Amino acid sequence: MEKIKIGKPSSVKRRTNIVDKKEFAERKKMCMNALLNRPWISKEKDPQLYYWIKEQELEIRDWFMQYTGYSVIINRKLAKLDKAPVVAYSWMGFQEFREPLDYALFTYSLWFLENKTERDQFLLTSLVKEVRDYMSELGMEVDWKNYFHRLSMARALKKLKSLDILQAVDGQESNWALNEEKYNVLYECNSYSRYVLRNFPRELMSYTTMTDMSETQIYGDEADELIRRRRHHLYRRFLLEPIVLDNHWQDELFYFHGQRKNILTQLKTMFGLIGSRYREGLIFFEPELIADSELFPTLSSISDLTILICGAIRNDVMHGSFGMKVERDGTVRLTKGEIERILIRLKKDYGEYWINDYRKMNSSTLAEEVCCHLVEWGFGEWEDNNFFILNAAAGRFIAQYGALELE
């Protein structure tokens, strides 16, 4: 009689879903950066990242609430960080928009979508009629016979589509903008529209200034509450602005100095950002070339010119050329004419490497473009119509053209 063996080992290999600490830490950094830099993380479009956020939901929620005052929204559709800047800059808006009307029509289109449910379909003519009528009731006139008003609506609708709030089933809004009587568009709704606008801690009509609207929480007057507010401001600015120097802190400078080491540790641990202490302040760098955030230098040719002119100014200051000198706070004060002169010199030496648009552009227009890029990335600001203040952080970048031998 054959004996029956109890507990015979199975030939099927067993797997484990245990993740080692290093991989878990990398996942956390990816989740934190995605929440910070994307409008939201969709379960449908990026299920893996969505579930990683769900796995670490408690830690992620606690960190953002403790250090920034931001709340994390997680539901069956998406994960979103409800964020707002301490200081609002023009580059923080939608780069596709050109007029204030674009933002108004974008917002009133969201109003129209409030009564729609997922997969509901509607025609563009229905949307524009209701939006126009509602805006007229509020004393704002919009005329769809006006080509430029139609262009603004087309830009607003394209942004809604890029955010996956709307999907064009048939037709294109660009054709409607060209001829509103001949063309129409059929749209289908998604459920993301109600998550676009941020939540405010109190009634919207109670705000009197734009500065008050930047707050994500209501703070008391007690000492602990003031410390919490300062901590939130510190982390929010370092996370949302490319460069924040010591002289930007004003009344919070004393508190900031006591938090430098902790800020460096926290942002490295949670986001992977490498921070360095310089005389002018803390500057953070992204160690990876590919990231959710936009990095400097950008892929645009204007970044090449910006680094080139920063290097030229640094060289002129070091050698005392053209009377350039550094102020006590590390800044360099330049006139627009001096910036043009440097660009003319650089064009003569390196113009063959520049794109055709910049080679043909006059020095005055090119100087404005370069200065605008410097302002956007926090390297300087206009003191008035005549003087541009280049801060010390710009001196940390230097580049030059040259032949590169590849092995």
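The rules behind each value
- Residues numbered from 1 in each chain as written.
- Predicted model: local features only at pLDDT ≥ 70, side-chain atom pairs only at ≥ 80, totals over all residues.
- Heavy atoms only, no water.
- Patch = residues over 30% accessible without salt bridge, like charges linked within 9 Å, V, L, I, M, F, W, Y side chains within 5 Å.
- Areas by Shrake-Rupley, 256 points an atom, 1.4 Å probe, with all protein chains shown as cover.
- Salt bridge = Lys/Arg side-chain N within 4 Å of Asp/Glu carboxyl O.
- Helix = DSSP H or I, 4+ residues; strand = E, 2+ residues; numbered from the N terminus.
- Buried < 20%, exposed > 50% of the residue type's maximum accessible area, 1.4 Å probe, protein only.
- Contact = heavy atoms within 4.5 Å.
- Pairing = 2+ DSSP bridges.
- Disulfide = S-S within 2.5 Å.
- Core = buried A, V, L, I, M, F, W, Y, C linked by side-chain atoms within 4.5 Å.
- Axes fitted to C-alpha atoms, helices over the stretch in contact; angles between N-to-C directions.

1. Regarding a nonpolar patch on the surface
Together, Tyr-147, Phe-148 and Leu-178 make up a nonpolar patch on the protein surface, roughly 350 Å² of accessible area in all. As for its position among the elements, Leu-178 is in helix H7 (residues 173-178).

2. Thoughts on the side chain of Ser-191
Its location among the elements puts Ser-191 in the loop between strand E6 (186-189) and helix H8 (210-213). Assessed through its relative accessible area of 10%, Ser-191 is described here as buried. Residues within four places of Ser-191 in sequence aside, it is in contact with Lys-77 and Glu-118.

3. Considering the pairing of strand E7 (residues 274-278)
Bridge count between E7 and strand E8 (residues 281-285): 5 bridges; the pairing is antiparallel. Residue Ser-276 lies in a different strand from E8, and its bridge partner there is Ile-283. Linking E7 back to E8 in an antiparallel pair, the connection comprises 2 residues.

4. Details of the state of the cysteines
For the structure on display, the rule yields 0 disulfides. Left unpaired, Cys-310 is separated from the closest cysteine sulfur, that of Cys-371, by 9.9 Å. A relative accessible area of 4% places Cys-310 in the buried class.

5. Considerations on the nonpolar core
In this structure, Trp-63, Phe-64, Phe-238, Ile-263, Leu-267 and Phe-271 are the most contacted members of the largest nonpolar core, which totals 36 residues. Apart from residues lying up to four places away in sequence, Trp-63 is in contact with Met-32, Thr-68, Tyr-235, Leu-239, Gln-266, Leu-267, Met-270 and Phe-271. Core analysis: the second largest hydrophobic core is formed by 35 residues, Leu-308, Leu-343, Trp-377 and Phe-397 among them.

6. Some points on the sheet that holds strand E2 (residues 71-74)
Strand order in the open sheet formed by 3 strands is E1-E3-E2, with antiparallel pairing between adjacent strands. Either end of the sheet is taken by a strand with one partner, and the two such strands are strand E1 (41-42) and E2. Where E1 lies against strand E3 (residues 78-82), 2 bridges are found, and the strand directions are antiparallel. Note that in E3 the partner of Ser-42 across the bridge is Leu-78. Helix-sheet contacts for helix H1 (residues 21-37) involve E1 and E3, and the interaxial angle to E3 is about 65°. The strands that helix H3 (residues 57-67) touches are E2 and E3; relative to E2, the one it contacts most, it runs at about 150°.

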